[in-house]
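Residues per chain, in single letters:
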Amino acid sequence: MRISNLYVLTLVFIFGACTVVKDDSNTNPTPVPTTNSTFEDVKAPASFDYATVKELSVKVQSKFNPIQSVLTFYIVDNNGEYFQIGRALSDLTGNLEHTLTVPSFVERLYVTKIAKGVEWYEITPLSNDQTTITFDRLSQKSFAGTSSNARTSTACEDIFFAVNGNGESFAINFESGYTVTDYGDLVGKSFANGYDQENDIIYYDNTGDLYSYVRSTGTSTFVASLNTASSNFHNGYPRMAYEKGRLFIADNQHMAVVDPTDGTVLKNLVISGIPTDKHGAGDLAFSSTGALYQACRGGLYQLTFNSDSTAVSASRISADDFPYSITGVTFDRFDNLYLSTNSSNSVIIQMDINDGSYSIVQNLSRKVNDLCTFRCSEDDFGGADADGDGVVDGFDEYPNDPERAFNNYNPGKNGFGTYAFEDLYPEKGDYDFNDIMVHYRHNYVSNAGNKVVEVLSTYEVSTVESSLPSGFGIELPIHSDSVSSVSGSNILSGVTSLNDKGLESGIDDAKPCVIIFDNHFGLVQGVGAIRTSDELDMTISFTNPIPFGDLPVANFNPFIFVNQDRSREVHMANGTPTQKFNSSLRTSGADAGNYKTSAGHPWALHMPHKFHPPHENIDITNAYLNFRTFVESGGTSNADWYTDDAGNRESGLIHLQD
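Residues numbered from 1 in each chain as written. Predicted model: local features only at pLDDT ≥ 70, side-chain atom pairs only at ≥ 80, totals over all residues. Heavy atoms only, no water.

Trainee: What is the right way to look at the pattern of salt bridges in this model?
Mentor: Side-chain pairs of opposite charge can arise where the charged atoms are in close proximity. Tallying each qualifying case throughout the model produces 17 salt bridges. Taking the shortest distance from any N to any O, the salt bridge between Arg366 and Asp182 comes out at 2.6 Å. On the criterion of sequence distance, the pair formed by Arg366 in the loop between strand E28 (358–363) and strand E29 (370–374) and Asp182 in strand E12 (residues 179–182) is long-range, its members being 184 residues apart. Its relative accessible area of 17% is what places Arg366 among the buried residues. Overlapping salt bridges bring together Glu504, Arg566, Glu569 and Lys580 as one network. (Salt bridge = Lys/Arg side-chain N within 4 Å of Asp/Glu carboxyl O. Helix = DSSP H or I, 4+ residues; strand = E, 2+ residues; numbered from the N terminus. Buried < 20%, exposed > 50% of the residue type's maximum accessible area, 1.4 Å probe, protein only.)

Put into structure tokens, the structure is as follows:
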């Protein structure tokens, strides 16, 4: 999502080690809220649990092309953005029953089905926790479709095609160590290209002149000098993408739709929604769903055409500006988004379209001014299935392992979700929810039977001026007999111990606990107001594959234990303590008996997004302006209160984390 892929059963948690000493000399002056609000004044419904995710039961039926198929699931948010959240293999008749975890504010699910080399899609509304998707003769073809460029070998790799301002064109075999294959020189320099995969033609610009490059012959042909509504295009157009027989070229505020065969400008459109100071550099790319994205100085945006395709509006995905100057943007066949940077030795970056998070994947020895991609389809693999698990190699993320097939990341491949805690339990805190923040990313590794074989998790812990050392664990919703091993725990202080499997000892087998760390002071580092650990990897392996419905994130029971006291547990609202909890705490402070005060206020929050915490002593209702409405409505309004959507945040009162 993501875009993410199927489901994996191994938890991986990563954390570094260091010590923490509170340093008041380095804290920032207390900022002044622009609103005078306090969580104490917020009235929460009695049963409200502050949930921001839900478990979704999905049933897929195939009345057309009833054959075994790879199904891919995307959520559609309230901005119309598509995020991949999972992949599964249907039964032999194309049917599937599956479980997904989705943000509670999501209202639509987009599902694709690959059958006979064609990808079909359906979109369904989400009105409750169950939905049925039916593929029939009315189902629409998505962009993926069949590839007719005569690649018929049984093995296939996606390939980047690159151009640059030195007049060079070359292929980057990014699935084989980023080796480079040079093509013939271009006609002059070029800063933009787009690829017609069906006809194997790369289109590129030369200061406003459009050329076609036929890969099979290595020849360039002049197409036309473009005549658009924007004079900027006549001097070269740095953004270009090819989609369904059309070229889409753009500058900061304009877009032209061009027939690449003769250079005819079919439409001139205006782009809105991207502030002038965030437009710099960047490029366009279409995903396999036909969704158009732009990455630029302001980060990642999705571009949406109006009903008659006369205008384009942008919705921001990234929470922060992008620190690199982007020259190229392209997708691979798994809808992973790749960027190239502007330098003599360009950097290749992979970006998560769920949240705009990113990581550097390769430093090149070449300059890249734009990228496009040859993307393999199911036909290109000729049905090859090296491990014999029923998933063809091109869509099997573990092609040589019959026990594994798909990755499914929650909340996204590069991003994190967050558990945020107040640590003064059982007394009330200051409601800034910044004492302990545990950021997580789970990768459910699943097999061809759509069951989880292991969960790989990555964790980070952050804190804003906390003075009490805390540990963190998760009670799993399965019996300990289902767990074969756990690795990656950070036991630094001996507050608790582990058994032979790596689970916490002294715990009921029916409710096993995984301890990620027992003392965050030994993990976080830095001397500023906010301190963060390195990443912590943890792996949970299972005795036998487990259905997704038995392991939803929504059913995890996360908790901290405070001040080196294992019995002083702090859980989510309405959470259930473990057997090590000191039950007397329920009557010695402000806890009304369900980890909420008598006013319904919790000591912990969960967000499927990396939480940017308020400054110390800044009430969350002042830093996150729609949190109050979310609570008072019982979660029915502003369920996306934690995102960077307009009006949600008072940015001067929060710590923006990477």
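Trainee: Got a minute to help me understand the nonpolar core in this structure?
Mentor: In summary, soluble globular proteins display a tendency toward joint burial of nonpolar side chains. Core analysis: the largest hydrophobic core is formed by 68 residues, its most contacted members being Tyr50, Phe73, Leu109, Phe627 and Trp641. The element contributing the most residues to this core is strand E3 (residues 70–76), with 5 residues. Beyond its immediate chain neighbours, meaning those up to four positions away, Tyr50 contacts Phe39, Ala44, Ala573, Lys596, Gly600, His601, Pro602, Leu605, Phe627, Phe630 and Val631. Among the nonpolar cores identified, the runner-up in size contains 43 residues, and Leu468, Val553, Phe581 and Trp603 belong to it. (Core = buried A, V, L, I, M, F, W, Y, C linked by side-chain atoms within 4.5 Å. Contact = heavy atoms within 4.5 Å.)

Trainee: Can you walk me through the domain arrangement of the protein in this structure?
Mentor: Where the parts come together, the accessible area they lose is often given as the size of the interface. Under the domain assignment, the protein is made up of domain 1 (53–143), domain 2 (159–375) and domain 3 (409–611). Relative to domain 3, the C-alpha centre of domain 1 lies at a distance of 31 Å. The interface of domain 1 with domain 3 comprises 9 residues on the first partner and 11 residues on the second. Carbon and sulfur atoms make up 59% of the surface buried where domain 1 meets domain 3, a total of about 880 Å² over both sides. Among the residues of domain 1 in contact with domain 3, Val53, Glu55 and Thr101 are the three that bury the most area, contributing 47% of the side total. Across the contact surface, domain 1 and domain 3 share 0 salt bridges. Counting across the domain 1 and domain 3 interface gives 1 residue pair in polar contact (both at pLDDT 80 or more). Those elements that place two or more of their residues in the side of domain 1 that touches domain 3 are strand E2 (53–62), strand E4 (82–89) and strand E5 (96–103). The element best represented in the side of domain 1 that touches domain 3 is E5, accounting for 5 residues. (Domains from an automatic or database assignment. Buried area = accessible area lost by both parts, 1.4 Å probe. Polar contact = N/O pair within 3.5 Å; in protein donor to acceptor, adjacent residues only side chain to side chain.)

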